[in-house]
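Read off the chains here:
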Amino acid sequence: MSVRRIVTVSAGLSTPSSSRLLADRLTAATERSLGDRGIRARVRTVELRDLAHDVMNAMVTQVPTGELPGVLSDLAEADGVIAVTPVFNASYSGLFKSFFDVVDQGALDAVPVLVGATGGSPRHSLVLEHALRPLFSYSRALVVPTGVYAASEDWGADDEGARELNERIERAGRQLALLAADHERSGRDPYDEPVAFEDLMSGLGT
Amino acid sequence: MQFGIFSVGDVTTDPTTGRTPTEHERIKAMVEIALKAEEVGLDVFATGEHHNPPFVPSSPTTLLGYIAAKTERIVLSTATTLITTNDPVKIAEDYASLQHLADGRVDLMMGRGNTGPVYPWFGYDIREGIPMALEHYNLLHRLWREDVVNWEGKFRTPLQGFTATPRPLDGIPPFVWHGSIRSPEIAEQAAYYGDGFFHNNIFWPATHTKKLISLYRRRYEHYGHGKAEQAIVGLGGQVFMRKNSQDAVKEFRPYFDHAPVYGGGPSLEEFTRETPLTVGSPQQVIDRTLTFREMFGDYQRQLFLMDHAGLPLKTVLEQLDLLGEEVVPVLRKEFAAGRPAHVPDAPVHASMLAARRAGDHDQDTEVRA
């Protein structure tokens, strides 16, 4: 059975947070859909709250401390990423953005990403489209078409409302699984296989 | 093995007194620090190069030329020389001149510079930093080795029939190190030429540093300069010492907490755990520095950062006394023990001259035979 590595990032701050609840359900949907294809998911779930100081350390000094280096290297090897943030002041939270600011440029290049967000009311649902999607487009990630937004009221919805959210979660998980199943890391580590000097000099004066 | 210090040349307020040295005081302090380095028996003094406040060393060869006149023995170097935004022709001229005045006691460490605005100030684009470093160095390498150069490239106006003067002392160019903290391209470049590679590991965990140094060593062998373990490696270090380690921590903490480079970031304890920074007794510094060899193999040059973050000159001079009297003699002995005979020292002018004479002699012998 082949394996795909999924990294789930939740920026929720309370325990449990609704971002983590949504992240877990998106992860489960992705695992199920990969399982349907005969693929096992190896999941690492990251609570950014636990990394908050390390993220700031990396931001102000570039020194990766604590668990952060391990998380960054898992992210650099992920076949799929699930990224969920609470909506703060009409956008992703500062912690969520700061974390992705310290991720190496290129680490998400062509990596399938499923975006999710949570908020107090449904009125912020377009945060997926105006904040999260552009952020990951900039990272050259492959953002799956379905993003999932859950408002507080969704957690107490009647059957009809719950079914709508569930369907959306399943669809998003299916889309991520579809891309993750075909995902291959280029595998070339520039520290193991450097570009040879004569190729580096190509086009330059010698 | 060479031991020395490298200075960024920052003008920083002493957080314990609120006093900021003037540029004049800082420049004179750098000279005094370099003279002290020689006095306490260190091998290398290296200055940074910056083109913006709060840093004073914008003209390294002026500073090093002045220090050369007041010293006898210490090797004068840079950390780093901006191979991107400087004209390689001017580097060739300036450092060959310095080499003559200092009777060969000169080498250089090339670096790209990471201050964004410096590139446009000198008419360049930071996004082309790597290709510029490659092309400029290639030209510099030729200017020091070929009497007449015809050259055309991407980043500088062409040269036809150009001779860089003065020619290097005894026809031997200064030894060059390439400094990089994260670019495999620069490790590859250093390996290609058989030059030295310096990793300023003071902000980096050992695992990262090791990847880059291993790459350089492997490629050094690939390009036929010798075995991987014979490649010429330099490392940074950062220490603050008092006889009693608790005194060192107490005295250094306000400087650490307010330093422009790491203030507001990790705690002193986290930083000393994750990076080579060592704050404690001379013995702790010795123990920590010896671990570098275990991680990166036998190496050739160890530079310490001692004068930064607003530390007063008097304190820095005391630190150099401790380094020269209590740390380096032990490190010399320990590093020499178990060092394989085929691992070379870093090339200096005298050794390169001797090697060339030995080579000439071998050739003469062959011709006669």
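Quick notes on the rules
Residues numbered from 1 in each chain as written. Chains lettered and ligands numbered in written order. Predicted model: local features only at pLDDT ≥ 70, side-chain atom pairs only at ≥ 80, totals over all residues. Helix = DSSP H or I, 4+ residues; strand = E, 2+ residues; numbered from the N terminus. Rg over C-alpha atoms; globule rule 2.2 N^0.38 Å. Buried ≥ 20, exposed ≤ 12 C-beta atoms within 10 Å, placed from the backbone. Contact = placed C-beta atoms within 7 Å. pLDDT = per-residue confidence, 0-100. Expected span 1.5 Å × (residues − 1). Arc of directions from axis to C-beta. Pairing = 2+ DSSP bridges. Right-handed = clockwise from strand over helix to strand, strands pointing away. UniProt positions renumbered as here; feature names shortened; annotations may be inferred. Core = buried A, V, L, I, M, F, W, Y, C linked by C-beta atoms within 7 Å. Axes fitted to C-alpha atoms, helices over the stretch in contact; angles between N-to-C directions. Left-handed = near helix turned anticlockwise from the far one by under 90°. Nonpolar A, V, L, I, M, F, W, Y, C, P; charged D, E, K, R; others polar. Parallel < 35°, antiparallel > 145°, perpendicular 65-115°, else oblique.

Asks: Which parts of the structure should I look at to understand the overall build of chain A?
Replies: Regarding its fold elements, chain A presents seven helices and seven strands. Across chain A, helices and strands are ordered from the amino to the carboxyl terminus as β-α-β-α-α-β-β-α-β-α-β-β-α-α. Relative to its length of 206 residues, chain A is compact, with a C-alpha radius of gyration of 18 Å against a globular reference of 17 Å. Per-residue burial over chain A gives 40% buried out of 206 residues.

Asks: Explanation requested: the overall build of chain B in the structure shown.
Replies: Within chain B one finds 12 helices and 12 strands. With respect to the principal axes defined by its C-alpha atoms, chain B has extents near 65 × 50 × 40 Å. Here chain B holds 369 residues, and the buried ones make up 47% of them. Pairs at least 24 apart in sequence give 73% of the contacts found in chain B among residues at least 6 apart.

Asks: Before we go on, may I ask you to explain unusual backbone geometry in this structure?
Replies: Excluding glycine, most residues fall at negative phi; most peptide bonds, likewise, are trans. Following T15 of chain A, the chain continues to P16 of chain A via a peptide bond in cis, the omega torsion being -5°. Mapped onto the secondary structure, P16 of chain A falls in the loop between β1 (2-10) and α1 (18-36). The peptide bond linking A79 of chain B to T80 of chain B adopts the cis configuration, its omega dihedral lying at 5°. One can find T80 of chain B in the loop between β3 (75-78) and β4 (81-82). A positive phi angle is found at D170 of chain B, which is not glycine, with a value near 55°. Its place among the elements puts D170 of chain B in the loop between β7 (159-162) and β8 (175-179). The phi angle at A309 of chain B is positive, at roughly 60°, despite the residue not being glycine. In this fold, A309 of chain B is placed in the loop between β12 (301-305) and α11 (313-336).

Asks: What am I meant to see in the confidence of the model for chain B here?
Replies: Detailed conclusions should not be drawn from predicted coordinates in areas where pLDDT is low. Across chain B, the average pLDDT comes to 95, with 98% of residues at or above 70. Across the interfaces of the predicted complex, the ipTM metric reaches 0.89, alongside a pTM of 0.91.

Asks: Would you mind showing me how to read helix α10 (residues 282-296) of chain B here?
Replies: Residues that lie three or four places apart on an α-helix share one face, since the helix turns once every 3.6 residues. Residues and elements named next belong to chain B. Look at α10: 22 Å from first C-alpha to last across 15 residues, which is about the 21 Å you get at 1.5 Å a residue. Listed as buried for α10 are P282, V285, T289 and F292. Buried positions in α10, seen along its axis, are confined to an arc of 60° and lie on one side of it. Of the exposed residues in α10, the ones pointing more than 90 degrees away from its buried face are T291 and E294. Residues of α10 that are buried make contact with β10 (233-241), β11 (278-280), β12 and α11. The first or second residue beyond α10 is G297, which carries a positive phi of 90°.

Asks: Would you mind going over the pairing of strand β5 (residues 107-111) of chain B with me for this structure?
Replies: On a regular strand, each side chain points to the face opposite its neighbour's, so the side chains alternate between the two faces of the sheet. Residues and elements named next belong to chain B. Of all five residues in β5, five are buried; the element is thus mostly enclosed. Neither face of β5 is exposed, since D107, M109 and G111 on one face and L108 and M110 on the opposite face are all buried. Pairing of β4 with β5, which is carried by two bridges, proceeds in the parallel orientation. Looking at the pairing, L82 lines up with G111 of β5. Between β4 and its parallel partner β5, the chain crosses via helix α3 (residues 88-101), and the hand of that crossover is right-handed. Relative to β8, β5 runs parallel, the two being bridged by four bridges.

Asks: I tried to follow the UniProt feature "domain: Luciferase-like" (unreviewed entry) in chain B on my own but got confused; where do I start?
Replies: Feature annotation in UniProt places "domain: Luciferase-like" (unreviewed entry) on residues 1-297 of chain B, given in this structure's numbering. Within residues 1-297 of chain B, the helical portion is 42% and the strand portion 16%, while the C-alpha atoms at the span's ends are 13 Å from each other.

Asks: Is there a simple way to think about the nonpolar core in this case?
Replies: For soluble globular proteins, the rule of thumb is that nonpolar side chains tend to be buried together. V9, L26, V81, I82 and V113 of chain A together with F197 and Y216 of chain B are the most contacted members of the largest nonpolar core, which totals 148 residues. With eight residues, helix α5 (residues 129-145) of chain B is the largest single contributor of residues to this core. With sequence-adjacent residues up to four places away left out, Y216 of chain B is seen in contact with A187, A190, A191, F197 and A231 of chain B.

Asks: Looking at this structure, how should I read the packing of α10 of chain B against α11 of chain B?
Replies: A pair of packed helices is captured by two measures, namely the crossing angle of their axes and the spacing between those axes. Residue and element names in this part refer to chain B. The N-to-C vectors of α10 and α11 enclose an angle of 35°; their axes lie 10 Å apart at closest approach. Like other packed secondary-structure pairs, α10 and α11 cross with a definite hand, here right-handed. Contacts between α10 and α11 involve P282, V285, I286, T289, L290 and R293 on the former and, on the latter, L322, E326, V327, V330, L331, E334 and F335. A per-class count over the contact of α10 with α11 returns nine nonpolar, one polar and three charged.

Asks: Would you mind going over α11 of chain B with me for this structure?
Replies: Residues and elements named next belong to chain B. Helix length check: α11 (24 residues) gives 32 Å between terminal C-alpha atoms against 34 Å at 1.5 Å per residue, within 8%. Where α11 is concerned, the buried positions are V316, Q319, L320, L322, L323, V327 and V328. The inward-facing, buried residues of α11 contact β1 (2-7), α1 (23-39), β10, α10 and β12.

Asks: Would you mind showing me how to read the UniProt feature "domain: NADPH-dependent FMN reductase-like" (unreviewed entry) in chain A here?
Replies: The sites that carry the UniProt feature "domain: NADPH-dependent FMN reductase-like" (unreviewed entry) are, in the present numbering, residues 5-155 of chain A. Overall, residues 5-155 of chain A shows 41% helix and 26% strand. The separation of its end C-alpha atoms is 28 Å.

Asks: Looking at this structure, how should I read the packing of helix α2 (residues 60-70) of chain B against α3 of chain B?
Replies: All names here are of chain B. Put simply, α2 and α3 touch, their axes get as near as 10 Å, and they point 5° apart. In terms of axis orientation, α2 runs roughly parallel to α3. In this structure, α2 uses T61, L64, G65 and A68 to contact α3, whose residues at the interface are D94, Y95, L98 and L101. Of the residues belonging to the contact of α2 with α3, the class tally is five nonpolar, two polar and one charged.

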